[in-house]
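Here is how the chains run, residue by residue.
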Amino acid sequence: METITSIKPLLAVLVSLLVTPMLVSSRNPNVREGWTFVAAFIKLAIVASMVPAILQGTEIVYTVAEVLPGVAIKFKVDAFGMLFALVSSTLWIVTTIYSIGYMRGLHEHSQTRYFCFFAIALSATIGVAFSANLLTLYLFYEMLSFATYPLVAHHQDQEARSSGRKYLLYIVGASIALVLPAMLICYNLTGTLEFSKQGIFTGTESHATMLVLLLMLVLGFAKAGIMPFHSWLPAAMVAPTPVSALLHAVAVVKVGAFSVLRVLTGVFGIDLLARLNLGTVICYLAAFTVITASLIALSQDGLKRRLAFSTIGQLSYIVLGVALLSPKGVIGGMTHIAMHAFGKITLFFCAGAIFVATGKKNISEMVGIGRRMPVTMVAFFIGSLSVIGLPPTGGFFSKWYLVQGTLQADQWPMLVVLLSSSLLNAAYFFPIVYKAFFCTPEEAMFENRVEEAPIWCVVPLVITAAGTIALFFYPSLFLKLAELAM
Amino acid sequence: MSQQYPALLVIVPLLSAFAISIAGWVNKRLCFPIIVTALSVVVYASIGLLLTVLEKGVVIYHLGGWPPPVGIAYYVDHLNGLVLVVVASVALLNVIAAKKSIEQEFPDKAGPFYTLYILMVTGLLGIVVTGDAFNLYVLLEIAALTGYGLLAMGEERAPLSSLNYLYMGTIGACFYLLGVGYLYIVTGSLNMVDIARLLPPLYQSRAVLAAFIICMVGVWLKMAFFPLHSWLPNAYTHATSAASSLIAPLVTKVMVYVMIRLILTIFTPEFAFATLALNNIVVWLAVIAIVMGAILALAERNLKKMLTFIVVAEIGYMVGGAWLGNRAGMTGAILHIVNDALMTLCVFLVVGNIVYKVKGYAFENLQGLFRKMPFTMGAFVVGAMSIIGVPPTCGFFSKWYLIVGALQAGHYGFMAALIFSSLVSVVLFFRIFEICYYEPFSDHHGHDQPPEPMDEAPLTMVVPLLIVAVILILVGLYTGDIVNHIIKFAIPEGLV
């Protein structure tokens, strides 16, 4: 495969990091948000400028420093990394618009800190996407963990403190206790940590060693939320909604899933996993998470908590797809990163808009809200269609590929899991939408007059909802990238 | 000029100590410029010396022109070349940062303080640069005696803690001297290279064995290797900020250097690792040091004292790494001398800034600090990340080498201890960050509350601190170069 050396990946990572001094020093909030937009657009432009080369099958590499023998801090842009980077940097722009509406609408404190750490978190996300080896990935993974902590704990009250603790305990704890030793053992066994399609192992290692390493790496990247390392995510919902939307539906959690996928495809390699029959273990772990998380979501009354459990389930779809080890499954898993991102961010935007406009957080208090906020609730409907996997939304494609993947891999139990999970998804989303629009006047909790959230909140959710539908008609870019990544 | 670098390293600070003590009587304001100039010359000379070593190899300097074994030789190779740069730079950065707090804490005694300070630096540089085992003892005592003085200048309880340190430190130094005496008896030489040349036929001798073990115990006492650490936490906690941020980063690290020098040069790895076969026991002692250091740190409700227990745990890292008996472990130990000196400096400077502004370092003094002192706290976060071992800060990379060394030696206990210590460090530091970040608790999510005004330490304290924080990251990113161009040559090729 052809490779080009270019500094672009480094710039894409650094641009939002370098803008933070501007954010801190801006006296005027409008100037500050202006800088965020500048960084966000430059980031997207840099990422997008690499797309043509990637689509032609080349890879872009850049080595920052050879820090350890055989392991460098190094970037490599391939199709899979590009897919993820494209999704995150696009949605950052939308989320910034939304953040302005949300944070100003609620007169939140410490907005400068908020925008700064958001920018740092995005740097780390792109860094993960473009990492060429496990060490670089780990570096940005940890950077993301620490950059998101002040965002999760934004409210600085007792609840934020205990949630912040849980967040650190699970995410940082697991990465230090599981990923770091596993990474060191891999390095000690093979002398390299570079991702490659064949994997880094020679295949002579014992089956038990491989299984332990695999479990340490897959579970250690706790951002992927595979049970039992999932409960930080519902706790993290204390954060302001834009944080939940971009970070806990797209960037942070997908960084987890992305890291797991890199471990499966780049560290172990599909062939080795198939030969050792290790994919099945991960499949069952993920399948258990899919079903359990969906069942828990059914019982949640807090809208953001329900979305969080839904996210836990959907993340495991991504892992499940790749762990099937069949070509269609891998494509399905990878595209699900993009498809789920657009759908779920829309849902979170809606939850936040409802909170800004009415102060309501619980589903039981949202009966009849469709008449008050029709645009928001239509967007919510579209978002939930995508998460369930129904046309005309992008989510349909990834589910389609996932289902085909199970057939290709001859994994009938997984097919059953996927289909029953879809039913469960419908069961926890449709009642919300139904109750929002169809209720008797006595039941309705809102007056019959249209009053949406501030325009800065509404526009982003319309954009992402439109995006979700657009992905149904034009999914080719993401599908192409996923196919190239195979 | 450049041939005189090794002598400059000791003579410049020694002579300027006199100048400073005189200036202290004449005009107190002269002390600071003199000490900064002297230390700048030292930094320049140490960097020049390291570059010379990199270019031409080992530098041997005969003091006063007397050839060894009669005269004292200064012997600079890649190992102490690197440590010299660290000692000199830490001393310089710290003195600049400490100026304001010295003026605040004892305005009348600035002259004596600076005099002791630079004498201590002289002693430390001398220990590192010398190639003579007895001369090392003399300089060890210079560094120790000035250290007792510096530490005693602190709070009410400082003289007592310092006295305790004096007892323990003197015992340690005596052990070392006794060991050197044994060596002199069997070899008739005090020059390290000379001793190393004469020793191999005597490896089976009981006297050599006794010399080695007695020296080691002495050095362990001086570096506060658990369970010989009891003098350290109180001595460092009760001292003034300016003294503790010099002594905490340097003294223990210099003693680790002496230990590695004993192992690598005087006794050679073949003797220390192959003949003695003590590795396993010492590494297990290191495991206990790490675990106990971490647990004792957890028990503290006082920032500075907590940090001193972290120092105790870090000593375990370096002793364990050096005693793993393989190249990766030794690389990690040497790298960690550099990294730990820098990150300890970073966190102790932070304490200095906090004490300067808040007048206390107990946990309840730390409320709301992220708002009040954002730059200090920013540097604190970087220092904490380095101690936890988060890339790309330098602490991660030395930990990496140490763990690789543990894996290669098959010593999983040491690996587990390092991981455990990382996890505990997360708890330790985030417990503090939580206090600085959340408390005092605001109501109603803190909406519409006027932010508390910033109250940052003076620029001369913040800038050196930020420089250290940046260095922590740069050293991390350049780990590859440091290892490939310096540390690789500091370890004998025999050690694999």
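A quick note: this is a predicted structure, and the numbers were derived from the prediction, not measured.

Attention shifts here to the overall build of chain B. Regarding its fold elements, chain B presents 20 helices and 2 strands. Against the compact-globule benchmark of 23 Å for 496 residues, chain B has a radius of gyration of 22 Å, which places it among compact chains. Scored against the burial criterion, the 496 residues of chain B give a buried share of 61%. In chain B, the proportion of contacts linking residues at least 24 apart, taken out of those at least 6 apart, comes to 80%.

Attention now goes to helix α11 (residues 268-275) of chain B. All names here are of chain B. Buried within α11 we find Thr268, Pro269 and Ala272. Here the buried face of α11 lies against α7 (192-198) and α10 (241-266). Directly after α11, the chain includes alanine 277, whose backbone phi takes a positive value near 55°.

This part takes up the sheet that holds strand β2 (residues 59-68) of chain A. Residues and elements named next belong to chain A. The strand order across the open sheet built from 3 strands is β1-β2-β3, with neighbouring strands paired in mixed fashion. Of all strands in the sheet, those with a lone pairing partner are β1 (3-5) and β3 (71-77), marking the two edges. Pairs of neighbouring strands in the sheet enclose a mean axial angle of 35°, with direction left out of account. Here β1 runs beside β2; their pairing, made up of 3 bridges, is parallel. Bridge pairing in β2 links threonine 5 to valine 61.

This part is about the nonpolar core. Judged by nonpolar contacts, the single largest core of 419 residues is most densely connected at A:Leu83, A:Val319, B:Val87 and B:Cys346. For B:Cys346, the contacting residues outside a window of four places in its chain are B:Ala379, B:Val382, B:Gly383, B:Leu465, B:Val468, B:Ala469 and B:Leu472.

If you look at the interface, chain A gives 29 residues, while chain B gives 29 residues. Counting only elements with at least two residues in the side of chain A that touches chain B, the list comes to β2, α7 (134-152) and α8 (158-190) of chain A. A total of 13 residues in the side of chain A that touches chain B trace back to one element, the largest contributor, which is α8(A). The class makeup of the residues in the side of chain A that touches chain B is 17 nonpolar, 7 polar and 5 charged.

Axes are the key here: two packed helices are described by the angle between their axes and the distance separating the axes. Packing of α8(A) against helix α18 (residues 412-438) of chain B brings their axes to within 11 Å, and their N-to-C directions diverge by 160°. Here α8(A) lies roughly antiparallel to α18(B), going by the angle between them. Two packed elements cross with a definite hand, and for α8(A) against α18(B) that hand is right-handed. Here A:Arg161, A:Leu168, A:Val172, A:Gly173, A:Ile176, A:Ala177, A:Leu180 and A:Pro181 of α8(A) come into contact with α18(B), specifically with B:Met415, B:Ile419, B:Ser422, B:Leu423, B:Val426, B:Phe430, B:Glu434 and B:Tyr438. Among the residues forming the contact of α8(A) with α18(B), the class breakdown is 12 nonpolar, 2 polar and 2 charged.

It is worth spelling out the pairing of strand β1 (residues 59-62) of chain B at this point. All names here are of chain B. Taking every second residue as pointing to the same face, the buried face of β1 carries Val59 and Tyr61, while none of Ile60 and His62 on the other face is buried. Alignment of β1 against strand β2 (residues 73-76), held across 4 bridges, turns out to be antiparallel. Bridging from a neighbouring strand, histidine 62 pairs with alanine 73 of β2.

Residues and elements named next belong to chain A. Along the polypeptide, methionine 210 turns up in helix α9 (residues 207-220). Given 18 C-beta atoms within a 10 Å radius, methionine 210 is considered partly exposed. A sequence separation of 62 residues divides methionine 210 from leucine 272, and the C-alpha atoms of the two residues are 9.9 Å apart.

Detail in the predicted coordinates should be disregarded across regions flagged by low pLDDT. The predicted model of chain A has a mean per-residue pLDDT of 87, with 100% of residues at 70 or higher. Mean pLDDT across the secondary structure elements of chain A bottoms out at helix α2 (residues 20-25) of chain A, with 82, and peaks at α7(A), with 91.

Here we take up the pairing of β2(A). All names here are of chain A. The pairing of β2 with β3 spans 6 bridges and is classified as antiparallel. Bridging from a neighbouring strand, alanine 65 pairs with isoleucine 73 of β3. In this antiparallel pair of consecutive strands, β2 and β3, the connection spans 2 residues, and glycine 70 shows a positive phi of 85°.

What counts as what
- Residues numbered from 1 in each chain as written.
- Chains lettered and ligands numbered in written order.
- Predicted model: local features only at pLDDT ≥ 70, side-chain atom pairs only at ≥ 80, totals over all residues.
- Helix = DSSP H or I, 4+ residues; strand = E, 2+ residues; numbered from the N terminus.
- Rg over C-alpha atoms; globule rule 2.2 N^0.38 Å.
- Buried ≥ 20, exposed ≤ 12 C-beta atoms within 10 Å, placed from the backbone.
- Contact = placed C-beta atoms within 7 Å.
- Pairing = 2+ DSSP bridges.
- Axes fitted to C-alpha atoms, helices over the stretch in contact; angles between N-to-C directions.
- Core = buried A, V, L, I, M, F, W, Y, C linked by C-beta atoms within 7 Å.
- Nonpolar A, V, L, I, M, F, W, Y, C, P; charged D, E, K, R; others polar.
- Parallel < 35°, antiparallel > 145°, perpendicular 65-115°, else oblique.
- Left-handed = near helix turned anticlockwise from the far one by under 90°.
- pLDDT = per-residue confidence, 0-100.

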